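Spelled out from the first residue to the last, the chains are:
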Amino acid sequence: VTTRLAWICLLPGVPRMKGDVIILKEKYLDLAIAVADRLVKPIEAAEGRFVLVIGGESGSGKSVLAAALEQVLESRGIQTVVLQQDDYFVHPPRTNDAARRADINWVGLQEVRLDLLDSHLKAALEGAGAFVKPLVIYGEDRITEETIDLTGIRVVIAEGTYVLSLKHVTYRISLARTYQETRDARRKRGREPVDPFIEDVLAIEHEIITSYAGLADMTISRDYQIKD
């Protein structure tokens, strides 16, 4: 069994939020290997921790790429931890959906405690040993807390729709697939109801995410090719 196939066997599903599961496919492991090959030297050259963010639209592959990249880096002796922007929403998922439906102007950066996430990335860069972060329990529609132990951690990955906008970042990766192109993937994931309102939400997110795409150090094309 090759190392790459061993990852596939070990990772049939990786927890994201409580009640949510990521299924890793071979194409994401292949992509993670290619990304890691490009990042090893910058990571080694960094004086302290390396903070990487992976941004993109709903269903574009942010979570699976982050999970795959974590495993690839760990296999190379680079201890890594992944943070999900979804844990930093002001409201838990069903409550947030209700808030959006009550006022669609709620959709946007203000839905997420980006300042808190950015402060955690800053703490990581400054050598903090740990921090306490929010944790969404998806099935229970509530938010609790968890402690992230940074002992020995060399790379911190944060993934989410708006993470390209964060300031305390070493390197940014943007996934170029749009919400129109990921519609089938989102339906298979089954986390979002299929209705016109969701499409309106995704259109608003698209405009916001597109405005930050130019900050990316690396872009992953819709066919999973790396573009610097």
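Fair warning: this is a prediction, and the values are worked out from it, not measured in the lab. (Residues numbered from 1 in each chain as written. Predicted model: local features only at pLDDT ≥ 70, side-chain atom pairs only at ≥ 80, totals over all residues. Heavy atoms only, no water.)

Peer 1: Lay out empty space enclosed by the protein with the relevant residues and their values.
Peer 2: In this structure the tally under the stated criterion is two cavities of 30 Å³ or more. Its volume calculated, the second largest cavity comes out at about 40 Å³. Considering the residues around the second largest cavity, the lining is formed by Tyr 28, Leu 31, Ser 60, Gly 61, Leu 65, Leu 175, Ala 176, Arg 177, Ile 220, Ser 221 and Tyr 224. (1 Å grid on protein atoms, 1.4 Å probe; cavity = no way out; pocket = protein on both sides within 12 Å on 5 of 7 lines; lining within 4 Å. Points joined across faces, edges and corners; volume = space filled by probe spheres on them.)

Peer 1: Could you give an account of the packing of helix α4 (residues 93-102) against helix α7 (residues 196-212), with specific residues and numbers?
Peer 2: Any two packed helices are characterised by the angle at which their axes cross and by the distance between the axes. At a minimum axis separation of 11 Å, α4 and α7 run at an interaxial angle of 90 degrees. Taken together, the axes of α4 and α7 lie roughly perpendicular to each other. Where α4 approaches α7, its residues Asp 97, Arg 100 and Arg 101 are matched on the opposing element by Phe 197, Ile 198, Val 201 and Glu 205. (Axes fitted to C-alpha atoms, helices over the stretch in contact; angles between N-to-C directions. Helix = DSSP H or I, 4+ residues; strand = E, 2+ residues; numbered from the N terminus. Parallel < 35°, antiparallel > 145°, perpendicular 65-115°, else oblique. Contact = heavy atoms within 4.5 Å.)

Peer 1: Run through the sheet that holds strand β10 (residues 226-227), naming residues and quoting values.
Peer 2: Backbone-to-backbone hydrogen bonds join strands into a sheet, with any given pair of strands oriented parallel or antiparallel. Pairing in this open sheet of six strands is mixed, and the strands run β4-β7-β3-β8-β9-β10 from one edge to the other. Only two strands of the sheet have a single neighbouring strand rather than two, namely β4 (80-84) and β10. Here strand β8 (residues 171-175) runs beside strand β9 (residues 218-220); their pairing, made up of three bridges, is parallel. Residue Ile 173 lies in a different strand from β9, and its bridge partner there is Met 218. (Pairing = 2+ DSSP bridges.)

Peer 1: Could you give an account of the pattern of salt bridges, with specific residues and numbers?
Peer 2: Across all of its chains, the model carries 10 salt bridges by this definition. In this structure, the salt-bridge partner of Asp 37 is Arg 76, at a minimum N-O distance of 2.8 Å. With Asp 37 in helix α2 (residues 26-45) and Arg 76 in the loop between α3 (62-75) and β4, this pair connects stretches of sequence that are 39 residues apart. Here the residues in one salt-bridge network are Asp 87, Lys 133 and Glu 146, joined through shared partners. (Salt bridge = Lys/Arg side-chain N within 4 Å of Asp/Glu carboxyl O.)

Peer 1: Give me the lowdown on the confidence of the model for the chain, citing residues and values where you can.
Peer 2: Parts of the model with low pLDDT should not have their predicted coordinates read in detail. Averaged over every residue, the pLDDT of the chain is 87; the share at 70 or more is 84%. With pLDDT under 50 throughout, residues 1-23 is counted as low confidence; its partners more than four residues away or in other chains account for 49 contacts. (pLDDT = per-residue confidence, 0-100.)

Peer 1: How would you explain the side chain of Ser 60 if you had to name every residue and give the values?
Peer 2: Looking at where Ser 60 falls in the secondary structure, it is placed in the loop between β3 (50-55) and α3. Its relative accessible area of 2% is what places Ser 60 among the buried residues. Excluding residues that lie within four positions of it along the chain, Ser 60 makes contacts with Tyr 28, Leu 175, Arg 177 and Thr 182. (Buried < 20%, exposed > 50% of the residue type's maximum accessible area, 1.4 Å probe, protein only.)

Peer 1: So what about unusual backbone geometry? Which residues, and what values?
Peer 2: Phi at Asp 141 is positive, roughly 50 degrees, even though this residue is not glycine. Among the secondary structure elements, Asp 141 is positioned in the loop between β5 (130-137) and β6 (142-149). In this structure Asp 141 comes out as buried when scored by relative accessible area, which is 16%. Positive phi values are uncommon outside glycine, yet Tyr 224 reaches one of about 65 degrees. Mapped onto the secondary structure, Tyr 224 falls in the loop between β9 and β10.

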